[in-house]
Amino acid sequence: ATTRVKKPDWLRVKLPIGENYKQVRNLVDTHKLHTICESGNCPNMGECWGAGTATFMILGNICTRSCGFCAVATGRPEAVDFDEPQRVAEAIYLMKVKHAVITSVDRDELKDGGSIIWANTINAVRALNPETTMETLIPDFRGQWENLQRIIDVAPEIVSHNLETVERLTKQVRIQAKYHRSLEVIRRLKEGGMRTKSGIMLGLGETKEEVVQAMQDLYDNGCDVVTLGQYLQPTPKHLPVVRFVHPDEFAELREIGYNMGLDYVEAGPLVRSSYHAEKHIVSGRNK
Ligand code: SF4
Ligand code: SF4
């Protein structure tokens, strides 16, 4: 049995309502798109969708991986949908999104790891929305760097790849991933000239020192932006919350991150890697 820790007040959020929310809901449905907001049961849907923004999840909604924190279904994905890039571009156009965040499930069964659909999506979004900037939250492509290169070649404004947790817990939290391979993704993105970003979830059993080490490892590998947020258990089958991290500790970690030289640190209980993403394309250090 898992121990249940009571949710503190600082995690209470508003319910999603309002006209913008309905419009986003409608566009996502009519364009047969998926969002990580819904799949991940994100507590910020009221705020983000209410402001007319969402994080699209491409390459279907079934993942070949089975990370212990993630609510996306694991299994055999459906065939690749070559019309999806255009539908994403159209939804972004209709939503008038100024900064789009796009992520995907992992498609480890595909030779290209999904990188062709990724590149097609970035190109389609840009063709229809030349003023819109993009963050692409990408997989590790199992270290097949020619697939990562397809992303670098089309140069989104910012590219993120989440470390998700500290080194010691990586096997438990992201069973098919590797801590150092993810750091290498960041390093290669940076060498390719990208602005880079990564996220870590807190409350999975890591110590503060381990979080600081992970931030340092990210920095040392060329990461510009780091997000730190509270892990929330999406269903009782997922990894339990070991601890609710106090907002003051997030603030302290933010300072530590800036002092080590990171360009932007977004830290707080409700922070998700796509939260306030539009701010991350410029430095946050002088705030
Ligand atoms: Fe969606 Fe990200 Fe906002 Fe959550 S924080 S609702 S995942 S855009
Ligand atoms: Fe979820 Fe892990 Fe698949 Fe990403 S790779 S969608 S975190 S199961």
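All residue numbers refer to position in the chain's written sequence, counted from 1. Chain letters start at A and ligand numbers start at 1, both assigned in the order the entries are written. Owing to the predicted nature of the model, reporting of local features is limited to residues with pLDDT of at least 70; listing and counting of side-chain atom pairs is limited to 80 or more, with chain, interface and lining totals taken over all residues. Here the side-chain values reflect all heavy atoms present in the structure, with hydrogen atoms and water set aside.

(A) Representation of helix α6 (residues 145-154) within the structure. Any residue under 20% of the maximum accessible area for its type is buried, any over 50% is exposed, and the rest in between are partly exposed; the area is computed with a 1.4 Å probe on protein chains only. In DSSP terms, a helix is any run of H or I states spanning at least four residues, a strand is any run of E spanning at least two, and both are numbered starting from the N terminus. Of the residues making up α6, those classed as buried are W145, N147, L148, I151, I152 and V154. Any two residues having at least one pair of non-hydrogen atoms within 4.5 Å are treated as being in contact. Tucked into the core, α6 has its buried residues touching α5 (115-128), β6 (133-137), β7 (158-160) and α8 (179-191). Within two residues after α6, A155 carries a phi angle of roughly 45°, on the positive side.

(B) Spatial organisation of the nonpolar core. W49, W118 and I138 are the most contacted members of the largest nonpolar core, which has 45 residues in total. At the level of elements, α1 (19-30), α3 (45-50), β2 (55-58), α4 (84-94), β5 (99-104), α5, α6 and α8 are the ones that each hand at least two residues to this core. A per-element tally of this core places α5 first, with six residues. Beyond its immediate sequence surroundings of up to four residues, W49 is in contact with N20, Y21, V24, R25, V28, T35, C37, E38 and A54. Definition used in this section: a nonpolar core is a set of buried Ala, Val, Leu, Ile, Met, Phe, Trp, Tyr and Cys residues joined via side-chain atoms within 4.5 Å. The next biggest cluster of nonpolar side chains, apart from the first, holds 36 residues, and it includes V173, V211, Y231 and V245.

(C) Local environment of the pairing of β6. In terms of residue burial, β6 counts as a mostly covered element, since four of its five residues are buried. Crossover handedness for the path β5 to α5 to β6: right-handed. Two strands qualify as a pair provided that DSSP identifies no fewer than 2 bridges between them. Sheet topology note: the β6/β7 ladder contains three bridges and is parallel. Within the sheet, the bridge partner assigned to E135 lies in β7 and is I158. Clockwise travel from the first strand over the helix to the second, with the strands pointing away from the viewer, marks a crossover as right-handed. With α6 bridging β6 and the parallel β7, this β-α-β connection has right-handed handedness.

(D) Looking closely at the site of ligand 2. One heavy atom suffices: a residue is near a molecule or strand as soon as one of its heavy atoms comes within 4 Å of it. Taken together, C63, R65, C67, F69, C70 and D106 make up the full set of residues near ligand 2. Three classes are used, and their members are as follows: Ala, Val, Leu, Ile, Met, Phe, Trp, Tyr, Cys and Pro are nonpolar, Asp, Glu, Lys and Arg are charged, and the others, Gly among them, are polar. Its residues placed into classes, the shell around ligand 2 shows four nonpolar, no polar and two charged.

(E) View of a nonpolar patch on the surface. In this scheme, patches are assembled from residues that exceed 30% relative accessible area and form no salt bridge. Like charges are connected within 9 Å, while nonpolar side chains (Val, Leu, Ile, Met, Phe, Trp, Tyr) are connected within 5 Å. Surface accessibility in these figures is a Shrake-Rupley result with a 1.4 Å probe; residues are shielded only by whichever protein chains are displayed. We define a salt bridge as a side-chain nitrogen of Lys or Arg found within 4 Å of a carboxyl oxygen belonging to Asp or Glu. Residues Y93, L94 and L128 make up a contiguous nonpolar surface patch of about 270 Å² in total accessible area. Along the chain, Y93 turns up in helix α4.

(F) Broad picture of the side chain of T121. In this structure, T121 sits in helix α5. Residue T121 is classed as buried on the basis of its relative accessible area of 0%. Beyond its immediate stretch of four places on either side in the chain, T121 contacts I58, P85, V88 and I102.

(G) Quick look at the pairing of strand β10 (residues 264-267). Residue alternation in β10 divides its side chains into two sets, Y264 and E266 and V265 and A267, and both sets are buried. Of the pairings in the sheet, the one linking strand β9 (residues 225-230) to β10 comprises four bridges and is parallel in character. Counted as the bridge partner of V225 is Y264 from β10.

(H) Geometry of the pattern of salt bridges. This structure, assessed with the given rule, holds 20 salt bridges. Across the pair E135 and K197 runs a salt bridge, and its minimum N-O distance is 2.8 Å. One end of the pair, E135, is in strand β6; the other, K197, is in strand β8 (residues 196-202), and 62 residues separate them in sequence. Taking the relative accessible area as the measure of exposure, K197 reaches 0% and is therefore buried. The closest approach of N and O atoms between E191 and R187, which form a salt bridge, is 3.0 Å. With E191 and R187 both in helix α8 and four residues apart, the pair spans about one turn of that helix. Among the charged side chains, a network of salt bridges with common partners joins R65, D106, D108, D140 and R181.

(I) Representation of the site of ligand 1. In the vicinity of ligand 1, the contacting residues are I36, C37, C42, N44, M45, C48, T55, R272, S274 and Y275. When residues of the shell around ligand 1 are traced back to their parent elements, those giving at least two are α2 (36-39) and α3. Classifying every residue of the shell around ligand 1 gives six nonpolar, three polar and one charged.

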